[in-house]
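Read off the chains here:
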Amino acid sequence: MMASGGKKRVLALVAQNENQTLANAASGLGGFFTPFGYQTQIIDLLAPDGLATLAAALSSGEVAFAYGFAGIGSQLQDQNNVNLWTAQRTPFVAFWYDHPAYNYRQHSVASPYILNCYHIRDHYEVWQRYLPQHNAAIFLPPPAGPNPLAESIPWAARDRRFIFAKTHYNPQQLIASWQGYSAPLRQVLATLIAAAQQDRHLDLAAATEREFAKLGEPITNFDNFFGVIQTVDHFIRAWRADQLARALSAYPTDIYGRGWNYLASEPPSHARFYPSFPNGELWPRLTRYRLVANVNPLWREGIHERVMNGIAGGSVVLTDNSERGDSVLGGLPNYVGFEWDVDSLQERLALAWERAADGADYLPASMARLAPLAYTEANFMQPLTAALQALCDRAEAA
């Protein structure tokens, strides 16, 4: 198991998703294991030989553990319909960024060898409070590191434009899609959306639980409970992105991603619209711009990768405030946070634009601020391996 035999092979399981975001994240994480003597093998489960490659790797006896983002691979089964990781007695780590409401079943796969690793504390707390404890979980903040391309384009050569890269859904179309819902359900959605628009740190799961209690609805019906949470969270993401994109249109801005056609067809603005690009191109894209724009999901303890990568590249980053973002990056002149009201957004937009003027150099201060957030043996490998060892010990003792 984990501590025996000095196994140093790690399997990273990937499968195709939009913009290759999860595959790129899995590949990037593998680099963090290298300094600790691990060799990471990436296996595409959707490749023609993907499952055969996985079987061969597991049969080698060299695998310390496997992992996947968003639970990819956690529900695999052997020929006897037994969870693969249970059958192989091999630990599997599911790394999570999104809220458990999105595909909640993958957060509670019944195997004693599965460890959920949450990068957002809010989501870890939802797992603790609401989901069946069929497996184990820990919280590990996401890593921060330098953008290797940060110095490839000097400040003077960067475009003084915002880049806003975001797959999008028209919020009005989302509302229209709810017309077939019952009147009580639509009222619950409206109540929760109004609360989320007023409180950027709303505990959506707790608020949904309160609304269900008023209706006498059990939260143990997870399809309903997490379905409402997902619907509201999805709408808030779309609403925030729509509000920011409309404000950005007053400034030179490049907006990348699917779903913006309705806004691109509105009266002319300073915004230009482009198709999405693979996640692996994020760093080189960001370093071409002086300004990076971002909207957060409904969380307290999260920092979006657009924010971290923008800061790492020395760009000016405009984003809605979050407790985690403000505590880690607050005070940096190139971190410009705003609240969700018109005056704050307009004021902070103007400030971000002003700070992207010629002659700025934010990279040294950015690197100094991010340095303590880099993964080390103490804050990453030790807690992860300790959790995996405890996982295996409990599984073997059962």
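Residues numbered from 1 in each chain as written. Predicted model: local features only at pLDDT ≥ 70, side-chain atom pairs only at ≥ 80, totals over all residues. Heavy atoms only, no water.

Looking at the sheet that holds strand β6 (residues 136–139)
Line of reasoning, step 1. Strand order in the open sheet made by the six strands is β2-β1-β3-β4-β5-β6, with parallel pairing throughout. Of all the strands in the sheet, the pair left with one neighbour each is β2 (39–44) and β6. Taken over all neighbouring pairs, the strand axes of this sheet differ in orientation by 25 degrees on average, direction set aside.
Line of reasoning, step 2. Note: strand β3 (residues 63–69) against strand β4 (residues 92–96), four bridges, orientation parallel. Note that in β4 the partner of A66 across the bridge is F92.
Line of reasoning, step 3. On the sheet, helix α4 (residues 121–130) packs against β5 (114–118) and β6 and is oriented at approximately 155 degrees with respect to β6. (Pairing = 2+ DSSP bridges. Helix = DSSP H or I, 4+ residues; strand = E, 2+ residues; numbered from the N terminus. Axes fitted to C-alpha atoms, helices over the stretch in contact; angles between N-to-C directions. Contact = heavy atoms within 4.5 Å.)

Here we look at the nonpolar core
Line of reasoning, step 1. Counting residues in each nonpolar core, the largest one holds 84 residues, and the members touching the most others are W85, F164, F226 and L244.
Line of reasoning, step 2. If one sorts the elements of this core by residue count, helix α8 (residues 222–248) sits on top with 15 residues.
Line of reasoning, step 3. In this structure, F164 is in contact with A241, L244, A245, L248, D254, I255, Y256, W260, A293, N294 and V295, ignoring residues within four places of it in sequence.
Line of reasoning, step 4. Listed in part, the 25 residues of the second largest apolar core include F95, I138, Y375 and F380. (Core = buried A, V, L, I, M, F, W, Y, C linked by side-chain atoms within 4.5 Å. Buried < 20%, exposed > 50% of the residue type's maximum accessible area, 1.4 Å probe, protein only.)

A word on the side chain of T90
Line of reasoning, step 1. Within the fold, T90 resides in the loop between α3 (84–88) and β4.
Line of reasoning, step 2. A polar contact of 3.1 Å, which involves the side chain of T90, links it to the backbone oxygen of Q88. (Polar contact = N/O pair within 3.5 Å; in protein donor to acceptor, adjacent residues only side chain to side chain.)

Comments concerning the sheet that holds strand β10 (residues 289–294)
Two strands in a sheet stick together by hydrogen bonds in their backbones, pointing the same way (parallel) or opposite ways (antiparallel).
Line of reasoning, step 1. Spatial ordering of the open sheet is given by β9-β8-β7-β10-β11-β12, a layout of six strands whose pairing is parallel. Two strands lie at the open edges of the sheet, namely β9 (271–274) and β12 (335–338), each paired on one side alone. Shown here is a sheet whose adjacent strand axes are inclined to one another by a mean of 20 degrees, direction ignored.
Line of reasoning, step 2. Alignment of strand β11 (residues 316–320) against β12, held across four bridges, turns out to be parallel. The partner of V317 across the bridge, within β12, is Y335.
Line of reasoning, step 3. Contacting β7 (159–165), β8 (253–256), β10, β11 and β12, α8 runs over the sheet at an angle of about 160 degrees to β7.
Line of reasoning, step 4. Sheet strands in contact with helix α13 (residues 342–355) are β7, β10, β11 and β12, and its direction is about 170 degrees off that of β12.

Some words on the packing of helix α7 (residues 204–215) against α8
Line of reasoning, step 1. In the contact formed by α7 and α8, the axes pass within 10 Å of each other and the chain directions differ by 125 degrees. One way to sum up the angle between α7 and α8 is to call them oblique. The way α7 lies across α8 gives a crossing that is right-handed. Facing L204, A205, T208, E209 and F212 of α7, the residues of α8 in contact are N224, F225, V228, I229, V232 and D233.
Line of reasoning, step 2. Across the contact of α7 with α8, the residue classes tally to seven nonpolar, two polar and two charged. (Parallel < 35°, antiparallel > 145°, perpendicular 65-115°, else oblique. Left-handed = near helix turned anticlockwise from the far one by under 90°. Nonpolar A, V, L, I, M, F, W, Y, C, P; charged D, E, K, R; others polar.)

Notes on the pattern of salt bridges
Line of reasoning, step 1. Applying the stated criterion to the full structure yields 17 salt bridges.
Line of reasoning, step 2. A salt bridge links E125 to R300, with the nearest nitrogen and oxygen atoms 3.1 Å apart. In this pair, E125 is assigned in helix α4 and R300 in the loop between β10 and α11 (305–312), connecting sequence segments 175 residues apart.
Line of reasoning, step 3. For E125, a relative accessible area of 22% translates into the label partly exposed.
Line of reasoning, step 4. Two residues, R290 and D358, come together in a salt bridge whose shortest N-O distance is 2.9 Å. Of this pair, R290 sits in strand β10 while D358 sits in the loop between α13 and α14 (363–370), and the two are 68 residues apart along the sequence.
Line of reasoning, step 5. Given a relative accessible area of 4%, R290 falls into the buried group.
Line of reasoning, step 6. Each of D98, D233 and R237 takes part in salt bridges that share partners, so that together they form one network. (Salt bridge = Lys/Arg side-chain N within 4 Å of Asp/Glu carboxyl O.)

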